[in-house]
Amino acid sequence: MDILSIGGLILGFGSLLVAFVMEKGNPAKLVQISAALIVFGGTIAAVLVSFPMSEVKLAIKYLKMVFFDKKFNTSELVEQLVQLSDRARKEGLLALEQELPNIQNPLLKKGLGLVVDGIEGEVIRDILDREVYLKEQEIKAAAEVFEAAGGYSPTMGIIGTVMGLISVLSNISNPDELSGAIAVAFVATLYGVSTANLIWLNFGKKIKVKGKQEKMVDELVVEGLLSIQAGENPRILREKIGGEITQKEEGTSAEPARAGVGG
């Protein structure tokens, strides 16, 4: 489970609710079925109009990335590649076929099968790079669906508020109830803005961030397999892919810092 995602959602909506109560607000007033229908129904409808069903399905598929962590033990992966390289040097590439049933990483398993089949290095790189690219594009497409929902949601909230005000002002026969009815009308705006900034936009961002982590691991696998296919010394393999991990991790950690300075 991704504790940060779950904890962030609880903290975000909890803070809004607690602050509302501290201002002597009644939490029951925040529960408006009509406002929810306009905001959530309208947002989902806008997404369905904007994207083909294939990309909507990708968004549903990769939604689990927000709430579940895929564990990447890069050190263990490096050791596995080094062991494969060592065995290939001692017993030949065909001996690696016996290792295929024990490999869990799909990309590593596919690539190792290509190595065992005697496919040339450039062809292996082209095939595996294509796999990595397609996966990256899928993740980006999934993230864009949630980011689009984050753009539609506040607008739907405003639409809901305007519709509520039209209803209120067209039935102004009882001025004593006017202020309460106007307050209820603004619940739609609250729904739209809060869900955009606490749910949709953040879901898209987290999917993108985790997608970058997966791409880093996939690229590590590709480089390791090409080294094995080329018959490189296991020690050189360890140094090369180990150094790549360090550089990529430092690059990832430096991105937010640069972004902060630029902002």
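As a reminder, the structure under discussion sits directly above these lines.
Residues numbered from 1 in each chain as written. Predicted model: local features only at pLDDT ≥ 70, side-chain atom pairs only at ≥ 80, totals over all residues. Heavy atoms only, no water.

### Digging into the overall build of the protein
The test is simple: Helix numbers and strand numbers start at the N terminus; a helix is a DSSP run of H or I with at least 4 residues, a strand a run of E with at least 2. C-alpha atoms define the radius of gyration, and 2.2 Å times the number of residues to the power 0.38 defines the globule rule.
Looking only at helices and strands, the protein features 10 helices and zero strands. For the protein, the α and β elements follow one another from N to C terminus as α-α-α-α-α-α-α-α-α-α. Relative to the globule expectation of 18 Å for 263 residues, the C-alpha radius of gyration of the protein, 26 Å, shows a markedly less compact shape. Here the C-alpha coordinates of the protein stretch approximately 90 × 35 × 35 Å along the principal axes.

### Remarks on a nonpolar patch on the surface
To keep it simple, the criterion reads: Patch definition: residues above 30% relative accessible area lacking any salt bridge, with like charges linked at up to 9 Å and the nonpolar side chains Val, Leu, Ile, Met, Phe, Trp and Tyr linked at up to 5 Å. Working definition of accessibility: Shrake-Rupley area with a 1.4 Å probe, residue cover restricted to the visible protein chains. Salt bridges are counted wherever a side-chain nitrogen of Lys or Arg sits within 4 Å of a carboxyl oxygen of Asp or Glu.
A cluster of nonpolar side chains, namely Met1, Ile3 and Phe68, defines an oily patch on the protein surface of about 360 Å² accessible area. Topologically, Ile3 is positioned in helix H1 (residues 3-22).

### Observations concerning helix H5 (residues 74-91)
For clarity, the threshold we go by: The span you would expect from a helix comes to 1.5 Å times its residue count less one. Note on exposure labels: buried denotes an accessible area under 20% of the residue type's maximum, exposed denotes more than 50%, and partly exposed covers the range between, all computed with a 1.4 Å probe on protein chains only.
Over its 18 residues, H5 runs 25 Å from end to end, which matches the ideal 26 Å to within 8%, given 1.5 Å per residue. Taken as a whole, H5 has its buried residues at Thr74, Leu77, Val78, Leu81, Val82, Leu84, Ser85, Arg87 and Ala88. Just past H5, the residue Gly92 takes up positive phi, approximately 95°.

### Observations regarding the packing of helix H6 (residues 106-116) against helix H9 (residues 187-230)
Our working definition: Axis geometry follows a simple rule: fit a line to the C-alpha atoms, using only the stretch in contact for helices, then measure angles between N-to-C directions, giving values from 0 to 180 degrees. Oblique is the label for any angle not under 35 degrees, not over 145, and not in the 65 to 115 range, which are roughly parallel, roughly antiparallel and roughly perpendicular in turn. Helix crossings fall into two classes, left-handed where the near helix is turned counterclockwise from the far one by less than a right angle and right-handed where it is turned clockwise. Contact criterion: two residues are considered in contact whenever any of their non-hydrogen atoms come within 4.5 Å of each other.
One can describe the packing of H6 onto H9 by two numbers: an axis separation of 10 Å at closest approach and a directional angle of 20°. Relative to H9, the element H6 lies roughly parallel. H9 is crossed by H6, and the crossing has right-handed handedness. The segment H6 lies against H9, with Leu107, Leu108, Gly111, Leu112 and Val115 engaging Asp218, Val221, Val222, Leu225 and Gln229.

### Let's talk about the packing of H6 against helix H7 (residues 121-169)
Axis separation between H6 and H7 bottoms out at 10 Å; the angle between their running directions is 165°. Comparing the axis directions of H6 and H7 gives the class roughly antiparallel. The interaxial crossing formed by H6 with H7 has right-handed handedness. Only Ile124, Ile127, Leu128, Glu131 and Val132 of H7 make contact with H6, whose side of the interface consists of Leu107, Lys110, Gly111, Leu114 and Val115.

### Some points on the packing of aromatic side chains
Note the threshold: The aromatic pairing rule takes the rings of Phe, Tyr and Trp, using the six-membered ring of Trp, and pairs them if the centres are within 6.5 Å, calling planes under 30 degrees apart stacked, those over 60 edge-to-face and the rest tilted.
Per the counting criterion, the structure on display carries four aromatic pairs. Here the aromatic rings of Phe146 and Phe203 are separated by 5.9 Å at their centres, their planes lie at 75°, and the arrangement is edge-to-face. With Phe146 in helix H7 and Phe203 in helix H9, this residue pair connects regions lying 57 residues apart in the sequence. Here Phe146 falls in the buried class, since its relative accessible area comes to 8%. Ring-pair connections join several aromatic residues into one group, and the members of that group are Phe67, Phe146, Trp200 and Phe203.

### A look at the pattern of salt bridges
Summed over all chains, the structure comprises 18 salt bridges. Close ionic contact of Lys70 with Glu214 constitutes a salt bridge, the shortest N to O distance being 3.5 Å. Linking Lys70 in the loop between helix H4 (64-67) and H5 with Glu214 in helix H9, this pair joins segments that are 144 residues apart in sequence. On the accessibility criterion, Lys70 (49% relative accessible area) is partly exposed. For Glu214, a relative accessible area of 6% translates into the label buried. Two residues, Glu214 and Lys135, come together in a salt bridge whose shortest N-O distance is 2.7 Å. Taken as a pair, Glu214 in helix H9 and Lys135 in helix H7 lie far apart in primary sequence, 79 residues in all. Among the residues examined, Lys135 registers a relative accessible area of 25% and is labelled partly exposed.

### Let's talk about a negative patch on the surface
Heads up, the condition is: Charge counting follows a simple rule: Lys and Arg are positive, Asp and Glu are negative, and His as well as the terminal groups are ignored. For the purpose of locating charges, the reference atoms are NZ of Lys, CZ of Arg, CG of Asp and CD of Glu.
A cluster of acidic side chains, namely Glu120, Glu122, Asp126 and Asp129, defines a negative patch on the protein surface. Within the secondary structure layout, Asp126 lies in helix H7.

### What to know about unusual backbone geometry
Unusually for a residue other than glycine, Lys24 sits at a positive phi of about 65°. Relative to the assigned elements, Lys24 resides in the loop between H1 and helix H2 (33-50).

### Quick look at the environment of Val217
Take Val217: it is sitting in helix H9. Overall, Val217 belongs to the buried group, its relative accessible area being 6%. Considered as a pair, Val217 and Lys110 are 107 residues apart in the sequence and their alpha carbons are 15 Å apart. Ignoring anything within four residues of it in the chain, the contact list for Val217 reads Phe72, Thr74 and Leu77.

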